[in-house]
Each structure stands twice: as C-alpha cells, then as structure tokens.
Amino acid sequence: MELEIRYEDQVIPVEIRGGEGKDTVFVFGKEVSCDWVRLPDGRYSILVDGRVFDMTAELSGEACLVTGNAGTFHLRISDPRGLMSQSVAEVAPPGLQRLVAEMPGKVLRVLVKPGDTVAYDQGLLVIEAMKMQNEIRAPKSGVVKEVAVSEGRAVSSGDFLLSLE
Amino acid sequence: MELEIRYEDQVIPVEIRGGEGKDTVFVFGKEVSCDWVRLPDGRYSILVDGRVFDMTAELSGEACLVTGNAGTFHLRISDPRGLMSQSVAEVAPPGLQRLVAEMPGKVLRVLVKPGDTVAYDQGLLVIEAMKMQNEIRAPKSGVVKEVAVSEGRAVSSGDFLLSLE
Amino acid sequence: MFRKVLIANRGEIAVRIIRACRELGISPVAVYSEADRASLHVRLADEAYLIGPPPSTESYLSVERILHAAKRSGAEAIHPGYGFLAENPGFAQACADSGVVLIGPSAASMRRMGNKTEARSLLVQSGVAVVPGTFEPLKSVEEAREVARRIGYPVMLKAASGGGGKGMRLVEAENRLPLAFEAASSEAQRAFSDSAGYLEKYIARPRHIEIQVLADRHGNAIFLGERECSLQRRHQKVLEECPSPVVDDTLRLRMGETALSVARAVDYENAGTVEFLVDQEGNFYFLEMNTRLQVEHPVTELVAGVDLVHEQIRIACGHRLGLRQEDIGLRGCALECRIYAEDPERNFFPSPGRIERLVEPQGPGLRVDSGVYEGWEVPIHYDPLIAKLVAFGSDRLQAIARMRRAIQEYCIQGIRTNLDFFADLLADPEFQAGRLSTAFIEEFLGRRPPKPAPASQSLRAAAVAAALAYQHREARAPGPASRRTMSPWRRALRTDVQRRGWRR
Amino acid sequence: MFRKVLIANRGEIAVRIIRACRELGISPVAVYSEADRASLHVRLADEAYLIGPPPSTESYLSVERILHAAKRSGAEAIHPGYGFLAENPGFAQACADSGVVLIGPSAASMRRMGNKTEARSLLVQSGVAVVPGTFEPLKSVEEAREVARRIGYPVMLKAASGGGGKGMRLVEAENRLPLAFEAASSEAQRAFSDSAGYLEKYIARPRHIEIQVLADRHGNAIFLGERECSLQRRHQKVLEECPSPVVDDTLRLRMGETALSVARAVDYENAGTVEFLVDQEGNFYFLEMNTRLQVEHPVTELVAGVDLVHEQIRIACGHRLGLRQEDIGLRGCALECRIYAEDPERNFFPSPGRIERLVEPQGPGLRVDSGVYEGWEVPIHYDPLIAKLVAFGSDRLQAIARMRRAIQEYCIQGIRTNLDFFADLLADPEFQAGRLSTAFIEEFLGRRPPKPAPASQSLRAAAVAAALAYQHREARAPGPASRRTMSPWRRALRTDVQRRGWRR
C-alpha cells in the first residue's frame with residue numbers, strides 16, 4: 001500500500017509492504033527500521049530505532065487525527081492509486097464564510113443585521129451554552145450577508161447562524 | 001420475554017414486557033418498580049425502589065455471571081419457551097472424573113500412577129506455572145484410571161491430565 | 001454518626017462526597033436529573049432518586065424535590081457540595097424546617113455572608129480590612145457613577161448575591177460604566193435571581209488567596225493554611241495551589257487569625273473559606289466568605305493531611321473538632337488543575353459529547369477527583385468541569401513535575417479538553433518561578449509561544465500510524481481482506497508496484 | 001543529573017520508575033521480552049529495546065543483553081527495580097566494568113548481604129542480634145540434623161542466596177527434615193542458581209517488621225520509619241502497612257539505629273531495607289537486608305512524604321542526601337494490598353489472561369501503582385502481580401476504610417484476582433484491631449466465614465440483569481431485531497404470552 005501523507009505543506013510518501021509474517025515500512029522511499037503493533041486498546045505502538053511512539057489514529061474521510069506521546073498531528077491521507085473514493089470537501093464559495101453553531105445552546109443576543117460592515121474579531125452573536133455566555137466573533141472583516149437566527153432561539157450543533165462576505 | 005433464572009436451588013421467574021417506550025419487569029409474577037438502562041460501558045444500571053444496582057452480566061451458554069456492587073452471582077438461565085438452543089453440558093460418565101489443566105504450565109512431578117487408590121485431597125501432580133509450584137489434589141477419593149502426562153511435559157490450558165474413578 | 005446522607009449535587013463533587021460517606025460507613029444517596037441517569041454519581045451511590053428534567057432550575061435547584069427525595073430515602077442529612085443550592089439560605093432554612101441536617105453553616109450565617117454588601121459592612125465594624133467601595137447595594141447607575149468617581153477608576157462591579165465570577169465586570173473608565181452596569185445586573189438576575197450589585201476599587205495585579213477554616217458548634221475553630229487561587233480566567237479559577245508561593249509563616253498566621261475572626265463574626269459552623277485579595281505589598285483585604293466546600297479543597301487536604309469532607313460530616317453530626325490548631329502542620333506542596341470539557345483553541349468554548357477513550361493518570365503523588373467514565377456523554381446542561389487533577393510533591397517544583405508527568409499520561413478522547421493548555425502553562429518559566437497574579441492567565445495567553453514544528457522523526461511516525469490505520473480500515477472494509485491475507489486489489493497493486501519499482 | 005536511565009525490569013515497578021524518571025526530567029528507556037511488546041512499561045517509556053524471548057533467563061535475567069541495550073540507547077544509568085537482577089552482585093560488577101551506573105548499592109555491599117550466612121556472622125560481630133542458627137552454609141542434611149537438634153525444633157530452612165520466600169521450609173520435627181532439605185535446596189537451585197541453605201530457630205507467631213534506610217556516598221544515612229509486613233502467605237507478603245500498629249517511638253528509634261549500624265557495617269549506599277523478626281515480647285532479631293527497592297516502598301512514601309525512587313536516583317548521581325534524620329516526620333497511616341492475577345477460590349492459583357475490563361479506583365487518599373491496562377493480556381511467564389493498591393489515612397482506621405472503599409470501586413474482569421480476598425481480610429475484626437503475626441493469614445483463611453446468603457433484593461436485581469443481558473443478546477442475534485423493534489419470533493412469543501396470560 002502506497003500513500004501520501006500530508007502535514008501542513010509537507011508531503012510524506014509512506015509505503016507498507018507485506019513480507020513474510022512482517023510488514024516493511026518505507027518512508028520517503030527509504031526502508032525504516034520500524035517495529036509496529038496494533039495494541040489491544042486500538043492504539044498503535046511504533047518503535048523506530050528504539051524510540052517509542054504510542055499513538056491513536058482517527059480517520060474521518062481523508063483526514064486523520066494522530067494523537068499520542070509525540071504530540072497531535074492533523075494529517076491528510078491521499079491514495080494516489082485511487083483505492084479510496086475521494087471525499088469532496090464541502091467548500092464555501094470564495095469570499096463567503098458561513099458560521100455554524102459549535103454546540104447546542106441558546107441565542108441571547110444578535111449584535112448585527114444583514115448589510116452591516118464588521119471588522120475582524122467584532123462580536124456578532126452571544127450564545128449561552130453550558131452556563132456560559134459566549135460571544136461569536138467575526139473570523140474576518142466583511143459584510144453580513146445573512147442572519148439565520150433570532151434572539152431567544154435554541155440552536156443545535158451544526159446549525160447555520162450567519163454568513164459574512 | 002419470559003425466563004427462569006436459577007441461583008443455587010432457587011428459581012426466580014422473570015418476565016420483561018415491552019410497553020410504550022419502556023419495558024415493564026415482573027419478578028415472581030409481580031410487577032417490580034424497576035428502572036433499568038444499559039450503560040454506555042455495557043453494564044446495566046437497575047434502580048429498584050431507589051436502590052442502585054450497577055452490574056455486568058456475562059453470558060456463556062445458559063450460565064450467566066453477574067457481578068457488581070451487590071456482589072457476584074453465578075446464575076443459570078432457562079428459557080421455557082425454547083428460544084435458546086439448549087447447550088448440552090458435557091457430562092462425564094458417572095463416577096469418572098477428568099482433571100484438566102487450568103492454565104499453561106509444566107508438569108514437575110507425577111505423584112500417582114494408574115491403579116493407585118487415592119484419598120480425597122491427596123496430591124496427584126505438581127505443575128509449575130507463573131513461577132509457582134502448584135499441587136493438583138484429588139477432588140474425591142477413588143482409583144486413578146489414566147495419567148495422560150509425564151514429568152517435564154508442558155501442558156496448555158484445558159489439556160487432559162488424569163482421570164479418577 | 002448519620003446512617004444515610006443525601007448528596008444534592010452531581011458530577012465530580014457528588015462522587016467525592018459519596019466516597020467520603022462510604023469511608024465513614026454512611027450509605028450515600030444520589031439525586032439525578034433526566035440527563036444524569038447514566039452518570040457516575042448515580043452508579044456509585046447506594047440509592048438514587050430522579051428529581052426532574054435536565055434544566056437545573058427544575059432539578060438540582062428544586063428545594064422541594066430534593067427534600068422530597070430526602071424524605072423518601074430516609075436520609076438524615078444533606079450534603080449540598082458546591083454550586084446549586086450550597087449557599088442558598090432558603091434551602092438551609094427549608095432543611096431545618098423539615099428536620100433534615102444540612103451539612104454546612106446555618107441559614108443565618110449563610111444569609112449574612114451571602115449578601116456581600118452586608119458582609120462588608122459587618123466586617124468593617126469588626127476591624128477587618130476590606131477593599132474600598134460601597135457597603136449598600138447600588139440603587140442606580142448614577143449612584144455607581146458617583147461612588148466610582150469618589151474612589152477612582154478602575155473599579156469592579158460585583159453581584160451582591162454573587163460568586164464564581166458571575167455578574168462581575170471590570171470598568172476602566174466612566175464611559176464604559178452604563179453598559180457594564182446593565183450587563184452585570186442582568187447576569188446577576190439570571191444567575192442568582194437578584195440583580196443587586198455593588199462596587200469596589202479595582203486592585204491591580206492582585207493575588208487571590210483564601211484561608212480554609214473549620215468550626216464546630218462548641219466554639220472551636222481552626223484554619224488549615226491558605227490556597228493560592230490567583231490563576232483565573234474570566235474570574236473563574238483555573239489552577240490552585242497550597243501553600244501560596246508568597247505567603248510566609250507570619251503572613252499565614254495573620255491571615256489565618258483574620259479568617260477566624262470573620263468566621264466568629266457570623267457564628268460560623270462547618271467548613272468555610274475566607275477569600276482575600278493580596279496586593280503587591282503584601283496587604284490583604286477581605287473579599288468574601290464562601291459558606292461551603294470549595295472546588296479546590298483537595299490541595300489543602302493533601303498538604304494538611306486532613307479529609308475536609310469527613311470533618312464536615314462529623315461537625316454536622318455535632319461532634320467536637322478532633323483537631324486543634326497546633327495539630328495542623330503543612331507538608332509539601334499540592335497543585336490542582338481543573339479539567340474542563342472545553343476547547344482552548346477556540347476561546348475555551350465548551351465541548352460536550354461522548355468520551356470515547358479515558359485513561360486517567362495513576363502512580364505516586366496524584367489524585368484524580370473525576371465525575372466521568374469512558375463511554376459516558378458529557379451533557380450540555382451543566383458546568384463542563386469533568387475532573388480535578390491534583391499533584392502533591394515534597395516541594396513546589398516536584399509537584400509541578402508530577403503534574404506535568406500526569407498530564408502526559410492523561411488521555412481523554414472524543415471531546416476537547418484544556419489538558420494541552422495546562423501542559424503549556426506548567427512549562428512556563430514565570431509560572432514555575434511563582435510570579436502569579438489574577439492577571440497572569442490573560443498575560444500568559446498573550447505570550448504563549450506558537451507550537452514548535454514537530455521533530456521530523458515524530459512526524460514520520462505519525463505518518464506511519466496514519467498509514468497503518470488507513471490500511472487497517474481498508475482491510476476491514478467489505479470483503480475478506482485482512483492484514484495477512486491480501487485481497488485481489490491489494491495483490492494487483494503489489495504486482496504493479498513490483499513491475500515499475502518504487503517511485504521516488 | 002542523568003539524561004537517560006534504563007529500567008531493567010517490567011510490570012508495575014518499571015512503570016513506577018519510568019514515572020520517577022519523567023518527574024526528574026530524565027528520559028526513561030525500557031527493555032522488554034517478546035512477551036512484553038504490548039506492555040504498559042514499553043508504552044510509557046521514551047525508548048524500548050527487545051532483549052530476548054519470554055523466559056526471563058533469556059531476557060530480564062540476561063546481563064549481557066541488558067548492558068547491550070544500555071549501550072545502544074546511551075543510558076548512563078540502570079535502575080534494576082526489584083527481583084530479576086536487582087540483588088545480583090555479578091550484574092552490579094558488570095555495570096561498573098562497562099561504565100554504567102547501577103542505581104543501587106555496590107557489588108561488594110550486595111555480595112556481603114546477599115550471602116545470608118556471611119551477613120549473619122558479620123552482624124553478630126557488630127553486636128546485632130540475630131535468630132539462633134547456622135552461620136555457614138549447610139554442607140549436608142546430616143549437618144542440618146545436628147544443628148536442628150542443638151537449637152531445638154521447629155526450625156526454618158532458608159536459601160543462602162535467597163529472598164522472597166523461595167527455598168524456605170518450616171520443619172516441625174526431625175522426620176520431616178530430609179524431604180524439606182531436598183525441596184528447599186532444589187527450589188533454591190532453580191531460583192538463585194545456588195542450592196546452599198542455612199538453618200534458623202523458628203520463632204512462633206513473630207511479626208515481620210522492616211526499616212527503610214537511605215544512605216549516600218558521603219557518609220550520611222537516615223531511616224524512614226518501619227513497615228509492618230507480617231501478613232504473609234507461603235512467605236510472600238500480602239498486605240503491608242506503615243507504621244506498624246505495635247511499634248512505638250522508642251522501639252522505632254532502637255530498630256532504626258540498629259538498621260543504620262547494619263547499613264554502615266557493609267558501607268551501604270542507596271536505598272535498602274533491613275528486615276527484623278519481632279517476637280511477642282518486643283525483642284527484635286536481624287533477618288536480612290534487602291539491597292534494593294522493596295515492592296512495598298509506597299507505604300513509607302505516603303507516610304514520610306518522601307519519594308524513594310527520586311532519592312535513589314539522586315544518590316546514584318552522587319548527590320548528598322537532602323534530608324536529615326530530624327526532617328523525617330511520619331504522618332498518618334498507609335496500607336498496601338498486592339493485587340495478583342490469581343484465584344483465591346482455587347488456592348490462589350495464578351489466573352493469567354486478557355483483562356476485559358479495568359476500572360481503577362480514584363479519589364482522596366489512594367495510589368494505584370499498576371502495570372496493566374484494559375485489553376492487555378497478563379502473560380504466563382512472569383510473576384502475577386498486576387498492581388499495588390495503596391491507601392492513606394490520618395489514622396489506621398481511616399486508611400482501612402479508604403482501602404475498603406477503593407476495593408469496592410476496583411473492577412477487574414476477564415481474569416481472577418484477590419480483590420475479594422482483601423475485602424474479607426479488611427473486614428476482619430482481628431485485622432482491624434491490629435493483632436498481626438506471620439501466622440495471621442493462615443489462621444484467617446481457616447476462620448474466614450462462608451459468604452452470607454445474598455439479600456433477596458440483590459438476588460432479584462441480579463436475575464433481572466441476567467434476563468436483560470439474555471434479551472439483549474437475543475435481540476442482537478442474526479436478524480434486524482433490536483430492543484425496540486421486535487423480530488418475528490419475539491412478536492410471536494408476545495402474542496402467545498398475551499393469549500394465555502402470565503403463568504404463576
């Protein structure tokens with residue numbers, strides 16, 4: 001299996017070749033002294049030249065979140081051999097930014113209306129969730145396109161709140 | 001679902017009837033105020049008149065080991081409606097007792113031979129396992145029928161060791 | 001001793017009190033809302049009673065339903081924990097009226113300390129230093145403006161019935177006062193059903209240090225050292241320690257004796273905490289008294305070697321304090337990190353959800369007071385505190401080293417937590433040097449360095465883990481493929497690779 | 001300070017030492033046999049090296065392979081833990097020869113204490129009281145018979161290079177001597193590659209009490225109180241405590257000073273333990289010195305507030321002891337239960353296998369030093385100790401109450417453990433009264449009451465749980481059935497039940 005793993009702007013080619021009872025791992029085309037095992041709790045233990053890496057890898061589409069004793073890595077997997085059906089990321093039209101609720105809560109205040117010009121980091125909405133009031137701030141400067149919620153309304157995780165252009 | 005649960009020589013009839021969104025439980029034919037839920041870790045939480053029972057129930061054939069905050073119970077389930085294919089317990093011929101290894105180990109000493117008369121609790125074999133020497137004693141008095149192992153031999157869990165008659 | 005005690009709370013504090021009850025041979029009784037049927041505190045109790053739907057106003061804040069559960073279970077006493085009804089004099093009175101012992105101070109003591117302005121005037125009369133400001137609830141924004149002009153900006157607006165940072169606003173200049181006044185009042189109204197507020201001189205870069213006291217009904221009272229609680233974000237404590245790096249024996253004794261006189265001024269019984277602001281010169285001002293067990297009580301327990309909840313229950317039972325002031329010796333140092341289900345990368349926004357994996361740290365010098373278990377879903381209805389991680393060391397540096405080791409071992413997946421934030425905070429040289437103030441966290445968040453680029457070896461290992469997980473998933477996908485038996489497509493790929501060699 | 005330390009051990013003690021290394025900023029290096037690839041100590045280390053197949057003679061006992069791993073990793077020091085090579089002077093010498101620091105005493109001190117007969121004669125010369133018996137290894141069963149006649153039966157046969165109860169036999173009468181002599185010799189040969197034994201007068205119902213000492217290479221030595229280790233089964237400790245219920249300040253001081261003179265007699269450096277037998281009259285006799293960290297060291301750590309492994313590493317680094325005798329104050333009481341994968345219902349037979357579920361207790365006053373995790377398989381090749389559960393209290397009764405609460409919370413499924421045995425032991429009135437001796441466990445097992453019949457309510461709840469699990473399995477069986485959507489056969493059954501009513 002031959003994959004390209006992306007981290008930020010780096011591309012790391014990884015190949016895993018099945019051998020006699022043991023796989024061999026190639027990184028950047030070079031064979032790596034790599035002893036790996038899937039642990040009974042689902043993590044991977046990887047020993048590279050004696051260094052211990054104890055990691056969980058959670059896949060979600062082509063994204064992979066690796067966490068463990070060496071830190072946290074947001075990786076993307078691409079499979080040039082096309083074994084995986086590429087999941088098309090849902091991309092907003094350029095310039096338009098849609099804000100959605102991160103978690104369930106209640107809209108306490110709506111501080112802007114469509115057509116308002118807002119600066120980066122300006123408050124847009126106040127949502128109460130888990131006993132805390134949280135201000136939703138503008139991720140960029142722009143003009144408010146649409147406001148989908150009103151004060152007092154309950155929102156669920158993922159609900160569309162407003163869009164900025 | 002209507003079952004008979006056996007504990008030692010007691011028989012407890014239990015019926016679970018599905019109702020509107022909630023099951024009702026009958027024990028000894030009497031409805032029990034019983035709020036139960038299967039917890040995310042697989043245990044059952046049962047509230048009977050406010051009393052908390054937090055229990056795991058492990059099934060193996062018709063045997064059920066229930067462990068939890070109220071103690072440990074070795075139960076047997078019988079299903080008079082015949083929904084479960086009765087697993088026929090492997091029964092030794094009357095009078096013949098087969099001893100098998102409880103765990104992997106090495107036979108250090110064989111203290112008896114076929115034809116020997118042994119008393120209850122008399123030592124039969126010495127097996128070393130996990131760095132400990134353990135004497136296997138006679139579960140009843142009788143005559144040694146067969147000895148299936150010899151000194152120095154490694155045994156696996158479940159291996160037949162000897163039989164008594 | 002009581003035979004049965006009802007715990008009118010949830011989460012980690014309910015679990016902690018259940019444990020104390022068990023250790024005293026008392027049968028613990030839980031109450032729960034519909035959102036908490038599967039919660040740990042219900043599982044660990046002997047009995048559990050449903051007290052209503054998820055909103056706390058209809059369950060954990062319902063005096064009637066909690067007293068009904070106490071009656072039904074036959075509990076002789078109620079431990080309120082912290083938050084919810086813990087400092088509600090009406091609840092204390094209702095308990096007294098229905099013949100149930102409340103494990104805490106009397107309704108009268110609670111009432112006198114609960115009204116912050118009344119408490120301030122009372123203590124000024126007893127000679128206790130307080131921060132300059134108003135001694136009566138503010139009647140209007142105009143009155144606030146007047147007082148603020150007199151004592152000078154910046155000033156702090158606070159809720160008269162407040163606590164826990166709710167209804168508080170820092171006002172830097174007069175033109176900010178009206179909005180702040182409105183915001184503070186409405187927050188206070190929502191949180192405490194009382195919009196009344198008062199105003200205090202704002203002390204720059206103060207330390208927030210509190211003294212733990214224990215008092216019985218026979219006139220005995222002791223203090224058990226201080227807790228350094230300066231590390232706060234939005235007036236919420238983040239990390240606490242005992243002892244404070246700046247308190248020496250002389251200051252401790254002076255603060256301790258002041259705390260005892262505060263307790264005596266309101267005939268205090270049971271465990272309580274007297275909070276002080278300490279300025280850069282070592283002057284200390286009474287802030288408020290918390291008439292309950294504090295979230296951060298474990299750091300005192302580890303350093304003083306006393307179980308405060310055991311003591312609370314004994315005192316409520318009418319026992320005399322078994323400890324005299326001279327029995328209390330502090331040893332070593334303890335830190336507490338409050339582990340929240342929140343995302344520090346997104347402005348500490350709450351992050352409820354299912355805990356997919358949970359491995360709590362163990363070993364020397366640690367204590368985890370947790371209210372959760374693997375597989376459980378952190379509900380959206382309550383405070384997102386999921387556990388308190390406490391580390392003890394023979395000195396502060398050993399305690400910090402232990403805490404860092406513990407955070408490395410701690411694994412919580414499925415929800416976001418502030419564990420990484422604590423890892424960075426504990427590595428901060430200013431923190432390690434003990435140069436703390438209530439402004440510390442804000443400043444730290446400003447100077448927190450960007451994550452360094454990962455070591456290339458770590459990154460490569462992570463890439464291998466990702467590839468393995470991908471291969472593992474593909475191998476488990478429909479079809480008979482497994483790691484050792486190749487599926488047709490895998491075989492095809494291999495042939496292809498072998499034919500053309502490895503592309504560089 | 002060292003940058004890297006290799007831990008030449010496995011299981012809970014390797015994990016415990018890894019934690020200490022991290023807390024000191026040292027990078028911990030693990031070694032493992034093929035059976036331990038997935039073990040917790042490998043997972044928690046920074047580096048890990050394979051040192052051979054499962055049998056410990058080819059891995060954890062291989063001096064050559066461990067030194068090779070130390071070389072390869074660049075570790076400057078090795079911590080041997082307990083067991084395996086911890087008291088092997090040959091290993092200590094090999095470390096010294098290859099320029100690696102062994103965290104422990106010198107090969108010379110180890111050798112002098114390792115040979116029990118030599119140690120006995122040396123200490124008698126220094127005026128330390130020892131149990132009457134032989135001072136030279138026994139040459140034959142005839143010699144043993146002669147000595148035994150002289151000092152009188154019962155006598156105890158012991159291995160000259162022994163420890164941990166291996167190669168020990170109690171001989172009550174002369175006709176039992178030959179068989180016991182043969183058994184003890186062969187066990188000693190297998191365990192220590194040295195069949196030599198010696199013989200001692202058997203003291204009836206003694207207590208086994210040991211003193212922890214710390215000594216640096218600059219001539220400073222202190223003792224850190226005693227540990228009560230009388231609770232033993234087959235000469236293996238089962239439960240230890242600090243302090244001992246029978247040791248008062250005077251006896252503690254006398255035993256402590258004797259322990260220090262034992263340490264000085266062999267120029268002892270690092271942590272060590274001097275074991276004494278204490279008879280019913282309070283006389284104490286030197287038994288042996290363990291030239292290593294003890295399994296039960298945590299009880300001392302909790303009561304003395306000192307981390308012994310940190311101290312060991314600092315001493316091995318050449319540091320002076322940071323503690324003087326007057327700094328050592330004991331506070332409270334700590335108990336340790338050794339949690340084994342074994343089945344008390346079947347004569348404590350080992351019970352290896354997969355740990356299907358593991359919930360370790362948490363909260364106030366507890367410490368769990370564990371070497372396992374959920375899903376891991378306890379291998380058959382090594383000692384079945386899986387964890388040590390340690391409880392601290394302000395007094396012995398509080399520590400006992402904590403321990404009982406902890407055992408109630410502790411959940412280990414998939415393998416058998418001795419947790420239930422401890423639950424019964426801790427409830428025993430004789431144990432609670434502190435009337436302990438090395439004969440205690442044997443006597444307790446004799447008087448251990450049969451399990452009482454379960455409360456009928458509990459039994460019915462268990463029956464409901466069984467019925468629910470059965471229904472749940474049936475609902476999950478092939479077909480689309482779930483709890484809420486009835487499968488055809490379930491529907492059929494229901495109709496049937498409804499038609500004929502409930503059978504009584």
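Everything numeric here is computed off the predicted structure, so don't read it as measured data. (Residues numbered from 1 in each chain as written. Chains lettered and ligands numbered in written order. Predicted model: local features only at pLDDT ≥ 70, side-chain atom pairs only at ≥ 80, totals over all residues. Heavy atoms only, no water.)

A. Highlighting the overall build of chain C. Looking only at helices and strands, chain C has 17 helices and 22 strands in total. Dimensions of chain C, computed from C-alpha atoms along their principal axes, come out at roughly 95 × 55 × 45 Å. Taking all 504 residues of chain C together, the buried fraction comes to 62%. Surface summary for chain C: the accessible area is close to 18900 Å², and the carbon and sulfur share equals 50%. One finds the centroid of the 67 positive side-chain charges in chain C at a distance of 9 Å from the centroid of its 63 negative side-chain charges. (Helix = DSSP H or I, 4+ residues; strand = E, 2+ residues; numbered from the N terminus. Buried < 20%, exposed > 50% of the residue type's maximum accessible area, 1.4 Å probe, protein only. Areas by Shrake-Rupley, 256 points an atom, 1.4 Å probe, with all protein chains shown as cover. Lys, Arg positive; Asp, Glu negative; His and termini not counted. Charge placed at Lys NZ, Arg CZ, Asp CG, Glu CD.)

B. Molecular detail of the interface of chain B and chain C. Each partner contributes residues to the interface: chain B has 16 residues there, and chain C has 16 residues. For the pair chain B and chain C, the summed buried area comes to about 1100 Å², and 49% of that belongs to carbon and sulfur atoms. Taken together, chain B and chain C are joined by 3 salt bridges. Between B:Asp54 and C:Arg43 there is a salt bridge, with the nearest N and O atoms lying 2.9 Å from each other. For the pair chain B and chain C, the number of links is 6 residue pairs in polar contact (both at pLDDT 80 or more). (Contact = heavy atoms within 4.5 Å. Buried area = accessible area lost by both parts, 1.4 Å probe. Salt bridge = Lys/Arg side-chain N within 4 Å of Asp/Glu carboxyl O. Polar contact = N/O pair within 3.5 Å; in protein donor to acceptor, adjacent residues only side chain to side chain.)

C. Quick look at the sheet that holds strand E15 (residues 142–147) of chain B. Residues and elements named next belong to chain B. Spatial ordering of the open sheet is given by E10-E17-E15-E12, a layout of 4 strands whose pairing is antiparallel. In this open sheet, the two strands that pair with only one neighbour each are strand E10 (97–100) and strand E12 (117–118). Where E10 meets strand E17 (residues 160–164), 4 bridges bridge the pair, whose relative direction is antiparallel. In the strand pairing of E17, Arg98 is matched with Ser163. (Pairing = 2+ DSSP bridges.)

D. Here's a closer look at the nonpolar core. Counting residues in hydrophobic clusters, the biggest one holds 109 residues, and the most contacted among them are D:Leu6, D:Ile78, D:Ile339, D:Phe422 and D:Leu426. Top element by residues in this core is helix H1 (residues 11–23) of chain D. It accounts for 7 residues. Counting residues in each nonpolar core, the second largest holds 61 residues, with C:Ala20, C:Ile51, C:Ile66 and C:Ala75 among its members. (Core = buried A, V, L, I, M, F, W, Y, C linked by side-chain atoms within 4.5 Å.)

E. Local environment of the interface of chain C and chain A. Each partner contributes residues to the interface: chain C has 53 residues there, and chain A has 61 residues. When chain C packs against chain A, the two sides together hide about 5400 Å² of surface, and 62% of this comes from carbon and sulfur. For the interface between chain C and chain A, the tally reads 3 salt bridges. Of the charged contacts, one joins C:Arg357 and A:Asp41 as a salt bridge, the two residues approaching to 3.9 Å between their closest N and O atoms. Taken together, the links from chain C to chain A amount to 7 residue pairs in polar contact (both at pLDDT 80 or more). Listed by contribution, the elements that provide at least two residues to the side of chain C that touches chain A are helix H8 (177–192), strand E16 (349–350), strand E22 (411–413), helix H16 (456–476) and helix H17 (488–500) of chain C. Counting residues per element, the side of chain C that touches chain A draws most heavily on H16(C), at 18 residues. Each residue belonging to the side of chain C that touches chain A can be placed in one class, and the counts come to 26 nonpolar, 8 polar and 19 charged. (Nonpolar A, V, L, I, M, F, W, Y, C, P; charged D, E, K, R; others polar.)

F. Geometry of the pattern of salt bridges. Under the defined criterion, the tally for this structure stands at 107 salt bridges over all chains. A salt bridge links C:Glu409 to D:Arg19; the nearest nitrogen and oxygen atoms lie 2.7 Å apart. Note that C:Glu409 is positioned in helix H12 (residues 396–409) and D:Arg19 in helix H1, a pairing that runs across two chains. The residue D:Lys388 makes a salt bridge to D:Glu12 at a minimum N-O spacing of 3.1 Å. Placement of the pair is D:Lys388 in strand E21 (residues 385–393) and D:Glu12 in helix H1, with a sequence separation of 376 residues. The exposure classification of D:Lys388 matches that of D:Glu12, with both residues buried.

G. Structural view of the pairing of strand E8 (residues 197–201) of chain C. All names here are of chain C. Among the 5 residues that make up E8, 4 are buried, leaving the element largely enclosed by the rest of the structure. In this structure, strand E6 (residues 155–159) lies alongside E8, joined through 5 bridges in antiparallel fashion. The residue bridging Leu157 from the neighbouring strand is Leu199, located in E8.

H. Local environment of the confidence of the model for chain C. Residues and elements named next belong to chain C. Of the residues in chain C, 94% reach a pLDDT of 70 or more, and the chain-wide mean stands at 91. Under a pLDDT of 50 for its full length, residues 478–504 has, in the predicted model, 42 contacts with residues more than four places off or in other chains. Scored as a whole, the predicted complex attains pTM 0.84, and scored at its interfaces, ipTM 0.80. (pLDDT = per-residue confidence, 0-100.)

I. Examining the domain arrangement of chain A more closely. Each domain of chain A was delimited in the assignment, giving domain 1 (2–81) and domain 2 (97–164). For domain 1 of chain A and domain 2 of chain A, the distance between their C-alpha centroids amounts to 39 Å. (Domains from an automatic or database assignment.)

J. Representation of the packing of helix H1 (residues 11–23) of chain C against helix H12 (residues 396–409) of chain D within the structure. At a closest axis distance of 8 Å, the pairing of H1(C) and H12(D) adopts a crossing angle of 125°. If you check the angle between H1(C) and H12(D), you find them oblique. In this structure, H1(C) meets H12(D) at a crossing whose hand is right-handed. For the pair formed by H1(C) and H12(D), the contact residues are C:Arg19, C:Arg22 and C:Glu23 on the first element and D:Ala401, D:Arg402, D:Arg405, D:Gln408 and D:Glu409 on the second. Considering only residue class, the contact of H1(C) with H12(D) consists of 1 nonpolar, 1 polar and 6 charged. (Axes fitted to C-alpha atoms, helices over the stretch in contact; angles between N-to-C directions. Parallel < 35°, antiparallel > 145°, perpendicular 65-115°, else oblique. Left-handed = near helix turned anticlockwise from the far one by under 90°.)

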